[in-house]
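Structural overview
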Amino acid sequence: EYRVTDGACADFFFLSNYRSATKSSERVATLLNKVAAAYPYWNATSRRHLILMPCDHGPGDCMWKRNRAVFTGVPDAANGLPGAAMPFSSPSRRSLGFVTYNGDPGRWNVFAPGLDVRLPSHEMHECGPFCGLHRLPPKARLAALRRHSPWYDGRMPAQRSSREGACASAAASGAWLSAPRRIELFFAGRIPKGGPRGDVFRHHHARERFVLIDSAHERTSSRRVSAASDALLPNRSSRADWFPAAMADSEFCLSPLGTNEGDSDRFLPALLYGCIPVFSLADEARPFEEVVPWDSCSLRVHETDLPRLHTILASISRAQRASMRRAMCGVWPAMLWTRLGFASSRPRGEGYLGESGRADALATFMAVLRRRVEADAST
């Protein structure tokens, strides 16, 4: 549907990353130089080359050596970028686009808006559609997702007259959009002492209706769990589906960068459970940001404002919250790789929540590339 065998007819050239347990800048250079030599059209266009980086930390995780020297003051060839391409530290002069899960413009990710593309997590990712459900067998994960998501009404696309499917059905009911939820802010995962996760815990661990759970230390002597967590989620140790249940009962869900600036993946399950995502990096690119209206259904809070996060959230009215949830209707289907099989327990042809897949993540990825081609043509 989207691929051609003749590269001379292609708008973009897409490479998978190489499979190796060892990161090697030299190996990347060899790979790209071989591609450029074998396929003359590789160098025929500018800023139309894409390489997949399916790792939490982008190029510094997948392929290149995680060494600052690789990114600055090194000849182009050493960075695996032939010709006029420049080192990572100069993304505006880089011609190779990264297709990655991380939108952080700094550290090892060096995300360049307009060149790189950020993808949403797939279901094999630790925090994809089945985030927090890995203790369950595959079929039970899908059942738990559908049980807790407000978007699922039990019907598949063929059973609906609406082209928009479950989203239109759920949104039309209206009541749940503005109904208050018991938890104001939810986050569960590793919480180090520093960074956005640590800052939120330090300033808000005693805050009423803030559920913050350090999953790495919850059952150790250095337990880091906010004061409201045990009261609002008393049975989580005995419930395998406590994570989606908590998100479905939360107004806002924190989606900070991961450990050592890994990808901020909590936005995806948040959308699936109708919880408003809160990103904590001011210049972080969100998935498919060029075509997805993120500002209508999520918040972006600067790191310096995290100490007053409770005030920021309290200032958002019930009507605004309902509006943001309603806007999720056009976003969550675009975050799911519905048409790709993976190792899913979904019956063939079924969506996760009844979506058809016509506007899934693959289609949205293509929409981003199409928009860039059209922009180039207009200039």
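One structure accompanies this document, and this report is about it.

What about helix H7 (residues 195–204)?
Taking burial as the measure, the 10 residues of H7 include seven buried ones, the bulk of the element. Along H7, the residues that are buried comprise Pro196, Arg197, Gly198, Asp199, Val200, Phe201 and His204. Of the surrounding elements, those touching the buried residues of H7 are strand S5 (183–189), strand S6 (210–214), strand S7 (250–255) and helix H11 (309–314).

Focus: the nonpolar core
Within the largest apolar cluster, 79 residues are counted, with the highest numbers of intra-cluster contacts made by Leu119, Leu185, Phe186, Phe288, Trp294, Met335 and Phe365. Setting aside residues up to four positions removed in sequence, phenylalanine 288 forms contacts with Val117, Arg118, Leu119, Pro120, Ala334, Met335, Ala361, Thr364, Phe365 and Val368. If you look at the next biggest cluster of nonpolar residues, it comprises 17 residues, including Phe13, Leu32, Cys55 and Trp64.

Focus on helix H4 (residues 138–148)
Each full turn of the α-helix corresponds to 3.6 residues, which orients residues three or four apart in the same direction. Among the residues making up H4, those that are buried are Leu142, Ala144, Leu145, Arg146 and His148. The secondary structure elements touched by the buried residues of H4 are helix H9 (242–247) and helix H10 (267–272).

A few points about the sheet that holds S7
One open sheet holds the five strands; their spatial order is S6-S5-S7-S8-S9, and the pairing between them is parallel. Here the strands that pair on one side only, and so sit at the sheet edges, are S6 and strand S9 (299–300). Here S7 runs beside strand S8 (residues 276–279); their pairing, made up of four bridges, is parallel. Bridge assignment links phenylalanine 252 to a residue of S8, and that residue is isoleucine 276.

Some remarks on the sheet that holds strand S1 (residues 13–15)
Taken together, four strands build an open sheet; the order of strands is S1-S2-S3-S4 and the sheet is parallel. Each of the sheet's edge strands pairs with one partner strand only, and the pair in question is S1 and strand S4 (117–118). Pairing of strand S2 (residues 49–53) with strand S3 (residues 96–100) involves five bridges; the strand directions are parallel. Within S3, the residue paired with leucine 50 across the bridge is glycine 97.

A short note on the pairing of S7
If a strand is regular, its side chains alternate between the two faces of the sheet. The element S7 is largely enclosed, with a buried count of six among its six residues. As defined by bridge partners, S5 adjoins S7 across three bridges and the pair is classed as parallel. In the strand pairing of S7, isoleucine 183 is matched with serine 250. Once you follow S7 into H10 and on to S8, the crossover reads as right-handed.

Regarding the state of the cysteines
Using the criterion set out here, one finds two disulfides in the structure. Paired through a disulfide, cysteine 127 and cysteine 131 show a sulfur-sulfur distance of 1.9 Å. With the S-S dihedral at roughly -80 degrees, the linkage between cysteine 127 and cysteine 131 falls on the left-handed side. This pair shows no difference in class: cysteine 127 is buried, exactly as cysteine 131 is. Between cysteine 253 and cysteine 275 runs a disulfide, and the two sulfur atoms are separated by 2.1 Å. Between cysteine 253 and cysteine 275, the S-S torsion sits near 110 degrees, and that sign places the bridge as right-handed. A residue pair is termed long-range when its members are at least 10 positions apart, and cysteine 253 in strand S7 and cysteine 275 in the loop between H10 and S8 qualify at 22 residues. Grouping residues by exposure puts cysteine 253 and cysteine 275 together as buried.

A look at the side chain of arginine 266
Here arginine 266 lies in the loop between S7 and H10. Taking relative accessible area as the criterion, arginine 266 reaches 11% and is therefore assigned buried. Of note is the side chain of arginine 266, whose polar atom sits 2.9 Å from the backbone oxygen of alanine 188.

Comments concerning the packing of aromatic side chains
Working definition: an aromatic ring pair is given by the centre-to-centre distance plus the angle between the planes. Counting across every chain of the model gives 11 aromatic pairs. Relative to phenylalanine 243, the ring of tryptophan 242 has its centre 5.9 Å away and its plane inclined at 70 degrees; by these criteria the two rings are edge-to-face. For the pair tryptophan 242 and phenylalanine 243, one class covers both residues: buried. Arranged with centres 5.6 Å apart and planes meeting at 90 degrees, the rings of phenylalanine 279 and tryptophan 294 form a pair that is edge-to-face. Pair noted here: phenylalanine 279 is in strand S8 and tryptophan 294 is in the loop between S8 and S9, with a separation of 15 residues, a long-range link.

A short note on the pattern of salt bridges
Under the defined criterion, the tally for this structure stands at 22 salt bridges. The shortest N-O distance in the salt bridge between arginine 48 and aspartate 11 comes to 4.0 Å. Of this pair, arginine 48 sits in the loop between helix H1 (25–38) and S2 while aspartate 11 sits in the segment before S1, and the two are 37 residues apart along the sequence. The salt bridge partner of arginine 308 is aspartate 305, with a shortest N-O separation of 3.5 Å. Given a relative accessible area of 42%, arginine 308 falls into the partly exposed group. Connected via shared salt-bridge partners are Glu184, Arg209, Glu251, Arg318, Arg321 and Arg325.

Calculation rules
- Along each chain, the written sequence defines residue order, and numbers are assigned to residues from 1.
- For this predicted model, a pLDDT threshold of at least 70 governs which residues receive local features, and a threshold of 80 or more governs which side-chain atom pairs are given and counted, while totals over whole chains, interfaces and linings are taken from all residues.
- Here the side-chain values reflect all heavy atoms present in the structure, with hydrogen atoms and water set aside.
- Working definition: with a 1.4 Å probe on protein chains only, accessible area under 20% of the residue-type maximum means buried, over 50% means exposed, and in between means partly exposed.
- A run of DSSP states H or I qualifies as a helix once it reaches four residues; a run of E qualifies as a strand once it reaches two. Both are numbered from the N-terminal end.
- In this description, contact between two residues means that some pair of their heavy atoms is separated by no more than 4.5 Å.
- Joining through side-chain atoms within 4.5 Å is the link that ties buried Ala, Val, Leu, Ile, Met, Phe, Trp, Tyr and Cys residues into a set, and such a set is a nonpolar core.
- Any two strands between which DSSP finds at least two bridges are classified as paired.
- Looking down the strands as they point away from you, a crossover is right-handed if its path from the first strand over the helix to the second goes clockwise.
- Pairs of cysteine sulfur atoms within 2.5 Å are what we label disulfides.
- We call two N or O atoms a polar contact when they sit within 3.5 Å, provided that within protein one can donate a hydrogen and the other can accept it, with sequence-adjacent residues counted only if both atoms are side-chain atoms.
- Centre distance within 6.5 Å is the pairing criterion for rings of Phe, Tyr and Trp, where only the six-membered ring of Trp is used; planes under 30 degrees apart are then read as stacked, over 60 as edge-to-face, and the remainder as tilted.
- The salt bridge criterion pairs a side-chain nitrogen of Lys or Arg with a carboxyl oxygen of Asp or Glu, the two atoms within 4 Å.

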